[in-house]
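Architecture at a glance
The primary structure of each chain is shown beneath.
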Amino acid sequence: MDSTLALATEGYAWLPDLWRRRQGPLVRTRLLGRRAVVLRGVDAVGFFYDERHVQRRTALPDPVVATLFGHGAVHTLDGAAHRTRKALFTHLLSDADDVSALTDEVTAAWDAAVPDWADRAEVVFFDEASVVLTRAVTRWAGVPEGDEAETRALAADLVAMVDGFATLGPRHWRARRARARQEARLAELVEAVRARDAAAPEGSALAAVAAHRDADGAPLSARVAAVELLNVLRPTVAVSWFAAFAAHALHRWPEHRAELADPAYAHAFADEVRRFYPFAPFVAGHAVDDLTWRGEPIAAGTLVLLDLYGQNHDPALWDEPYTFRPARFTGRATDPDALVPQGGGDPATGHRCPGEPVTRALLAALAGRLAALPYELPDQDLTIPLTRIPTRPRDAIRLHVPKPAA
Ligand code: HEM
């Protein structure tokens, strides 16, 4: 049966539904008229990320590329071209100093923003987190900073690019317009840097995309350089989704609040937020050859899905997967191919997210700061609709921050 309609109407519940009805180590279905199989599990991650098995670039629908990633992005490459481009990101994002420099920008932007929240009747936490993250990541990336209104407009565009990738409704067209606007603006900036009409701080993401050379030795076109700069800015601002989920978790299970002062616990809390809440549903590619997975044939050309959300809730990997329990990540190492909210495999050679260390650090820092902030949640809709991709609490976490006593 073709599952395209089920994906559109059931969202995150689509794959769990299929798994419940399955027999055997994979699920077979059809998507957009094509044969598809769904995999999950630690070994499935190794199988899926092996380039001899699955090719990624052919399985990205244009509506996703035109909103979320950008045409010509690292996500759309395979093989040697991918590895050379990927080094641009791993170089910028894997070093502990880079991670802490970005985290410091985020905490500084948070500390500067929060006093104003007390002057307002109410703030929408998701929106304010996106502005804090935008201000911080533009500074860190070496992108000239705009005034308050420009930062808010950029934050709204970066959020829109994520919010509109999995729908063909108005959110999608807003995402395309946001991307076109920001690609044009940042391509001009890259051109100005190359012409020495604008400065790019040494070691910054702006300097790196302007100077990067691909596997063929050629520099990136200004537009693809802008696409890759956006592939640093946009997902950093997407940490707002996890920040809103962290606020949701602190409301539902306030017993974690006190422990968040401990940085090790804050990282465990960040990992549990990334595991527990729905964000990236799955990743996909095409079988490059006739394959066999645990005795099951997969014909060449079949669409292969790795069920990220499902794997993060697989009872074979997680004890009581639908219980929110940061302690599952304290005092022991987790197999990186078990916890896959940002993909699996080796980030240096495969498509796994190079922003995972940054995401954990930012989320731990934001959750710690939020837990220390006195605030109330006015009456609001805290439900998280699983039919919407990407989803978030319906009212995006409205907060009232009382004025500090004089
Ligand atoms: C909000 C939290 C984030 C989530 C949920 C997330 C999720 C993902 C996922 C699912 C992938 C695809 C993995 C695959 O194709 O196998 C990915 C790739 C990627 N992410 Fe993230 N990510 C996040 C944060 C970040 C950050 C903070 C950065 C950079 C600052 C980043 C940069 C990238 C890049 C450049 C890729 C493409 C990698 C490639 O194709 O080789 N992400 N991310």
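Above this text is the structure in question.
As a starting point, this report considers the structure included with it. All residue numbers refer to position in the chain's written sequence, counted from 1. Local features in this predicted model are restricted to residues of pLDDT 70 or higher, and side-chain atom pairs are both shown and tallied only at a pLDDT of 80 or more, whereas totals for entire chains, interfaces and linings draw on every residue. As a convention, hydrogens and water are excluded, and side-chain values are obtained from all of the structure's heavy atoms.

Elements are defined by DSSP. Helices are runs of H or I of four residues or more, strands are runs of E of two residues or more, and each kind is numbered from the N terminus. Helix and strand counts for the chain stand at 15 helices and 9 strands. Values of the radius of gyration come from C-alpha atoms, whereas the globule rule sets the reference at 2.2 Å times the count of residues to the power 0.38. Taking 406 residues into account, the globule formula puts the C-alpha radius of gyration at 22 Å, and the chain, at 21 Å, falls close to it. Expressed as lengths along the three principal axes of its C-alpha atoms, the size of the chain is roughly 70 × 55 × 40 Å. Exposure classes here rest on a 1.4 Å probe applied to the protein chains alone. A residue is buried below 20% of its type maximum, exposed above 50%, and partly exposed in between. For the chain, with 406 residues in total, the buried portion stands at 55%.

A separate point is the site of the ligand. As a structural note, the neighbourhood of the ligand is formed by 27 residues, with Tyr-49, Arg-56, His-82, His-351 and Cys-353 the closest of them. In protein, a polar contact requires one atom able to donate a hydrogen and another able to accept it; more generally it is a pair of N or O atoms within 3.5 Å, and residues adjacent in sequence count only if both atoms are side-chain atoms. Between Arg-56 and the ligand, the recorded distance is 2.8 Å, taken from a side-chain N or O atom to an oxygen atom. Between the ligand and the protein, one listed contact pairs an oxygen atom with a side-chain N or O atom of His-351 at 2.6 Å. Those elements that provide at least two residues to the shell around the ligand are helix H5 (79–93), helix H11 (222–237) and helix H12 (239–252). Following the grouping adopted for this structure description, the nonpolar residues are Ala, Val, Leu, Ile, Met, Phe, Trp, Tyr, Cys and Pro, the charged ones are Asp, Glu, Lys and Arg, and the polar ones are all others, Gly among them. Its residues assigned to classes, the shell around the ligand comprises 15 nonpolar, 10 polar and 2 charged. In these notes, residues near a molecule or strand are those with any non-hydrogen atom within 4 Å of it.

Before going further, it helps to examine helix H13 (residues 263–276). Because an α-helix completes one turn every 3.6 residues, residues spaced three or four positions apart along the sequence face the same direction. Taking 1.5 Å of rise per residue, 14 residues should cover 20 Å, and H13 covers 20 Å from first to last C-alpha, within 8% of that figure. Across the 14 residues that make up H13, a large majority, 11, are buried. For H13, the complete set of buried residues consists of Tyr-265, Ala-266, Ala-268, Phe-269, Ala-270, Asp-271, Glu-272, Val-273, Arg-274, Arg-275 and Phe-276. Note on contacts: a residue pair qualifies if any of its non-hydrogen atoms lie within 4.5 Å across the two residues. On the buried face of H13, the contacting elements are H12, helix H14 (308–311) and helix H15 (356–372). With a side-chain oxygen positioned 3.0 Å from the backbone nitrogen of Ala-264, the residue opening H13 is Asp-262. The length a helix should cover is 1.5 Å for every residue beyond the first.

The next point concerns the nonpolar core. As a rule of thumb, soluble globular proteins bury nonpolar side chains together. If you look at the biggest cluster of nonpolar residues, it comprises 99 residues, and the most contacted ones within it are Trp-110, Trp-117, Phe-125, Phe-269, Val-273, Tyr-277 and Leu-370. Leave out the neighbours within four places in its chain, and Phe-269 touches Ala-246, Ala-249, Leu-250, His-256, Leu-260, Phe-324, Pro-326 and Ala-367. Membership of the second largest hydrophobic core comes to 18 residues, among which are Leu-39, Phe-48, Val-54 and Ile-298. Among buried residues, those of type Ala, Val, Leu, Ile, Met, Phe, Trp, Tyr and Cys that are joined through side-chain atoms within 4.5 Å constitute a nonpolar core.

Turning our attention to the environment of Ala-266. One can find Ala-266 in helix H13. Here Ala-266 falls in the buried class, since its relative accessible area comes to 4%. As for Ala-266 and Ala-361, which are separated by 95 residues in sequence, their C-alpha atoms are 8.9 Å apart. Not counting the four nearest positions on each side in its chain, Ala-266 is found in contact with Leu-260 and Ala-364.

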